Amino acid sequence: MTTTRIAEPAVSALAVVTAALVALPVLAIVVIAAQPAPGLWSHLIDYVLPLALRDTAALLIGVGAVALLIGAGTAWLVSSHDFPGRGLLLWLLPLPLAIPTYIAAYVYVDLFEPLGLVHRTLTLWLPAREALALLPGLRSLPGAIFIIGIVLYPYVYLSARATFQLQSAEFAEAARTLGAGRWNVFRRISLPMARPALAVGLALVALETLNDIGASEYLGVRTLTVSIFTTWLNRGSLAGAAQLSCLVLVIVGGLIALERYGRRNVVTEFSSESPRLTPRTPFKGVRGWLAFTACALPVLLGFIVPLLFLLHQSVHRASVTMDTAVWRDAFNSVIFAALATLAALGLGLATILATRWRPGSWRAFSANIAQTGYALPGLVLALGLLTPVLAIDNALNTFAAWLGLALPGLVLMSSGAAVVTAYVIRFLAVPTGFLRAGFERIPFDYDDSARSAGAGQITAMRRIHLPLLRPALLGAAIVVFVDCLKELPATLLLRPLNVETLATSIYQYASRGSFEDGALAALLIVAASIGPVAWLTRFSDIPQGPA
Amino acid sequence: MSRTRIVATATAVASAIFLNSPAFAQSGEVNVYTYRETKLVQPLFDAFTKDTGIKVNIVSASSGLEQRIKAEGANSPADVMLTVDVGRIAEAVAAGVTQPIKSDALDKIVPAQYRDPDGHWAGISMRARVIYASKDRVKQDAITYEELADPKWKGKICIRSGQHIYNNALFAAYIAHHGEAKAEEWLRGVKANLAQKPSGGDRETARDVAAGKCDIGIGNTYYWALMMNNDPDKKPWAEATKVILPTFAGGGTHVNLSGVLLAKNAPNRANAIKLIEWLAGEKAQQMYADANYEYPVRAGVAVNPTIAGYGKLNADTLPISKIAANRKAASTLVDKVGFDNN
């Protein structure tokens, strides 16, 4: 019992520290933003902000619309109909999640560039100049909407699919008895009932779009996030960048509020017995093939085309020049991601455990704070983390000097601790979310039985909770690890001397106009992500009872 | 995995990272923050290490290095900064992250017009901002920068973003030559002649000329040579174009500097100065000129044959400091005329 007496306050303290860590970058941003940025705002207001706000709004709305159309459409097709290839598509539809937005952008620009693959193919039938005129200008707002939308739609697909396949048959049958057609059933029954799920999916799409910097910058779309980057790094104003970051945080807040609004008045009125699920209606003949094409096209554009292109370029470049640095970059990526995963799992467990062991309002509040990191765009997070991290580093040096010791240098920055911390803050929502759901399936009776059998909380934890939580822990670990591998903006700003990761080296190649040299690195990221995305898909296929 | 094994693994991994970090590094090192591509400068640093035994650590980025050094403050590990452009040089000095280099050897090698009067920076090589013209469609072999605004080029010019530092320096030089009002008029004229929204890099500009999107493109001297000699995939882009060295009316060709700076709090100051002097040495200058096809600043070092093939460079005599002084004005002008907008 003594271990419990020490463990409980320790875990609670850890939960609070974790919440404070997540809140730290936001607080730092607000403090930095409070400093004056003289002369900057007149420039921003005259030339930067109107465009940035317009482009950000247009990008968010456009990408949301693309993701909604594709995500909800395909989810409805595979959930309520049978058609050729459906089984295969169930696995393929989420896979564009394995393609980071910035990699999709580099790939598509390369594919559709003048003298590129598509152009050269067209010249088999057309004169070169006419073929040139047919190429879409992907370095534009519409190009960005298409490219980002086609790889982010799975967020909507996954959440919509979970709902569509659980919708009870009775509603649809009642509507059809009243003479409603198939389309009307979809529009007036299925879609409104799926609204909460769609809101969740759309919110994730919007947050990811706002987080993106690689794709927008490369495609020439000057979003607010890109403006933060240039305001700090090109115009040299940290305060101005922080002020723009506050604007982004306001938008993030707005998006979360919209998502809550979208989930209002949730319909959970299922029959008291377990609901009879809607049987899938078969699509035969032409309609079957149309349904197949409609579902296959997003997979083709969002996953297969980028994957094949990266494979082709990697093989081709390997015969031209082989850059061995890619293996060192991969090693760095894996180390950072692994350390962050371990830390995120530990802190996530502490956060959820604190509320499990002793439910209380401030512990629940801490847990909620700990989950908000995901909403922070990586760039804003890095900007907010940089100042406190450097302050600690410099304080350490001052302290060492006062003790008369050799100066350690910038320990947190140069060791990569800053990068790992950023990953943990940004992706902590994953283990806390997974573990919260995992714990909800473990009845409190188990804890009580364990205690009455004389086991302390630590023992109960080790022998009962952890084994039952294994799937949740494993799932969280995989998702965090892959998210870390893909993370670009925070890594770019916080990585130490001599260190490139796969993501940053791809970014560097692309911004110097030779993305094909980074194709192998891009392929490694995508390949590492395929398995976990497919693994996650399993969850969307298990009916979990009324939500 | 048992608990002890997890702990052991975590410790091993953590120490692998920490021991790699310069925080625990021994003396005999120098830390370089560079805007130059790692792949490009690595052979130079390898040769330096071979010559001196001093290890070179690198941070490479395409923007924001001076802001990073500034944020790192008094304990920044930065010793030397390598920049690709006069604008970056000016920004670093303005950010207060540099100190005078103080090297008689360097002062003797680098001509005065390519050095800071206060000693904060020195140029180590030069590149010219030139024209990639279609071999098929462009007959003329000489052109002035002023002429780019001539309506005869309507719909025929390709260029990267007006905010990119290379264009920024060119526009700043234009302001220095003709004043802000004339420069604005000129820039509007150039914009009216563009074949497409400014985008991509200098290599893509050559590609678009080769593909027939535009007749002339604006790019740096070395990209053309790199495509021609080092990249079989892009060789056709260079082959379809010819390089014209443009001039200012009554002046010369706009050149930019890649420069070297000494960080204000350089922890390895002596090694840093060794590296800087080495970079200006004959061997490094020749390596640099051949590896990246730039014009060496040191007298007596041969220009690479590919670059020499463009014709004799008549570099503009405008002091570099005057170009730097007009940078902000050039940047604002680009925004003002909406150069990068559709």
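Residues numbered from 1 in each chain as written. Chains lettered and ligands numbered in written order. Predicted model: local features only at pLDDT ≥ 70, side-chain atom pairs only at ≥ 80, totals over all residues. Heavy atoms only, no water.

Within an unreviewed UniProt entry, the label attached to chain B reads Fe(3+) ABC transporter substrate-binding protein, and the organism entered is Afipia massiliensis. If you open the UniProt record of chain B and go to Sequence similarities (unreviewed entry), you find "Belongs to the bacterial solute-binding protein 1 family." (UniProt positions renumbered as here; feature names shortened; annotations may be inferred.)

Per an unreviewed UniProt entry, chain A goes by Iron ABC transporter permease and derives from Afipia massiliensis. Word for word, the UniProt comment on chain A under Sequence similarities (unreviewed entry) is "Belongs to the binding-protein-dependent transport system permease family."

Within this structure's numbering, the places UniProt gives as "domain: ABC transmembrane type-1" (unreviewed entry) are residues 53-257 and 330-537 of chain A. End C-alpha to end C-alpha, residues 330-537 of chain A measures 26 Å, and it is 80% helix and 0% strand. (Helix = DSSP H or I, 4+ residues; strand = E, 2+ residues; numbered from the N terminus.)

Another aspect to go through is the interface of chain B and chain A. Counting residues at the interface gives 55 residues for chain B and 52 residues for chain A. Here chain B and chain A share an interface that buries about 4500 Å² over both sides, 51% of which is from carbon and sulfur atoms. Counting across the interface, chain B meets chain A through five salt bridges. The closest approach of N and O atoms between Lys234 of chain B and Glu516 of chain A, which form a salt bridge, is 2.3 Å. Applying the counting rule to chain B against chain A returns 14 residue pairs in polar contact (both at pLDDT 80 or more). Of all the secondary-structure elements, those providing two or more residues to the side of chain B that touches chain A are helix H1 (3-20), strand E1 (29-34), strand E2 (55-60), helix H3 (65-72), helix H4 (86-94), helix H8 (202-211) and helix H15 (327-336) of chain B. The element that contributes the greatest number of residues to the side of chain B that touches chain A is H8 of chain B, accounting for six residues. Grouping the constituent residues of the side of chain B that touches chain A by class yields 16 nonpolar, 16 polar and 23 charged. (Contact = heavy atoms within 4.5 Å. Buried area = accessible area lost by both parts, 1.4 Å probe. Salt bridge = Lys/Arg side-chain N within 4 Å of Asp/Glu carboxyl O. Polar contact = N/O pair within 3.5 Å; in protein donor to acceptor, adjacent residues only side chain to side chain. Nonpolar A, V, L, I, M, F, W, Y, C, P; charged D, E, K, R; others polar.)

We now examine the UniProt feature "binding site: Fe cation" (unreviewed entry) in chain B. Residue and element names in this part refer to chain B. When the UniProt feature table is mapped onto this chain, "binding site: Fe cation" (unreviewed entry) is found at Tyr222 and Tyr223. Mapping Tyr222 onto the fold places it in helix H9 (residues 221-230). Dropping the residues within four chain positions of it, Tyr222 is found in contact with Arg127, Tyr166, Asn292, Tyr293 and Glu294. Of the polar contacts made by the side chain of Tyr222, one reaches the side chain of Arg127; its length is 3.3 Å. One can find Tyr223 in helix H9. Here Tyr223 is in contact with Tyr132, Arg160, Tyr166, Asp202 and Arg203, once residues within four sequence places are set aside.

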